[in-house]
Amino acid sequence: MPATPAWPPNSAPRLFIDQPLADGMELRIEGGQAHYLLSVMRLKAGGVVKLFDDRTGEWLGEVSAAARRDLIVRIAAKLREREAVPDLWLCVAPIKRGRIDWVAEKASELGVARLVPVLTRRAVVDKLNSDRLRAHMIEAAEQCERTALPELAAMVPLDMLLRGWPAGRALFFADEEGGAPMVEAVRAHPGPAAILIGPEGGFHPDERDAIRAVAEAVPVSLGPRILRAETAALAATAVWMAVAGDW
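On a predicted model such as this, the values are computed, not experimentally measured, just so you know.

Peer 1: Could you give me a rundown of the environment of R187, with the residues and numbers involved?
Peer 2: Relative to the assigned elements, R187 resides in helix α5 (residues 182-188). Along the chain, R187 and A76 lie 111 residues apart, while their C-alpha atoms are 44 Å from each other.

Structural data, given as structure tokens:
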């Protein structure tokens, strides 16, 4: 007797929809998403697509009508709830285009709850394209079966970030002058956390003093090798996820 094929098929395309989804609702999909479904994935009426909204979870959609430039998708069933996300913020000094895009993409893949660009004295970039960063997060989530996206905060100067630092949230910062090994520090400070990574030139001495003055600040070491800013950000995130996250 032939086996029943898995449903929905794992090959079904996935899309992020920036509005709450519900059973039975119909959506008109246009623009770039429609081009992807119609021209790249060759979906026709009766085809299926997985949709998620970063609010309610993941849904199965069926194409009820397809035109040249748009299509209508009806929500047919709920596949799963929105995933739980570990309470970790990644606070990073902006770096060159391409590298910061990569950080945003990988933060989404790794399950970071909030990405916070932080303006520091030695940062070589003082403006970011938030729409582009969010697009990289969405694409990563679509490809990696995520049902939640990191919150993307507006860029904030370091002094403002530190002045408003919430009590009870550990602030692990990669200190060039040394600190506790990251694994040991995370084990010693469970609960809500953030990782702070400086720019390619490192923190200014005054900035380092200001960070250390925060009660929740925990200087950490990421090992014996010198890491680029983007590598440090993701290495620290991976260590935290392995010790205190949901890995």
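Peer 1: Can you lay out the pattern of salt bridges for me, pointing to particular residues and giving the numbers?
Peer 2: Tallied over the entire structure, the rule returns 24 salt bridges. Measuring nitrogen to oxygen at the nearest pair gives 3.6 Å for the salt bridge that ties R208 to E177. Taken together, the positions of R208 in helix α6 (residues 205-212) and E177 in the loop between β10 (170-174) and β11 (180-181) put the pair 31 residues apart, joining distant regions of the chain. On the basis of relative accessibility, which here comes to 6%, the residue R208 falls in the buried class. Here the residues in one salt-bridge network are D175, E176, E177, R208 and R212, joined through shared partners.

Peer 1: Please set out the pairing of strand β5 (residues 71-80) residue by residue, giving values where relevant.
Peer 2: Here strand β2 (residues 26-29) runs beside β5; their pairing, made up of four bridges, is antiparallel. Bridged to R28 within β5 is I72. Two elements, strand β4 (residues 58-66) and β5, share eight bridges in a ladder whose sense is antiparallel. Bridging from a neighbouring strand, G61 pairs with I75 of β5. Remark: four residues form the turn of the hairpin made by β4 and β5, two consecutive strands paired antiparallel.

The rules behind each value
- Residues numbered from 1 in each chain as written.
- Predicted model: local features only at pLDDT ≥ 70, side-chain atom pairs only at ≥ 80, totals over all residues.
- Heavy atoms only, no water.
- Helix = DSSP H or I, 4+ residues; strand = E, 2+ residues; numbered from the N terminus.
- Salt bridge = Lys/Arg side-chain N within 4 Å of Asp/Glu carboxyl O.
- Buried < 20%, exposed > 50% of the residue type's maximum accessible area, 1.4 Å probe, protein only.
- Pairing = 2+ DSSP bridges.

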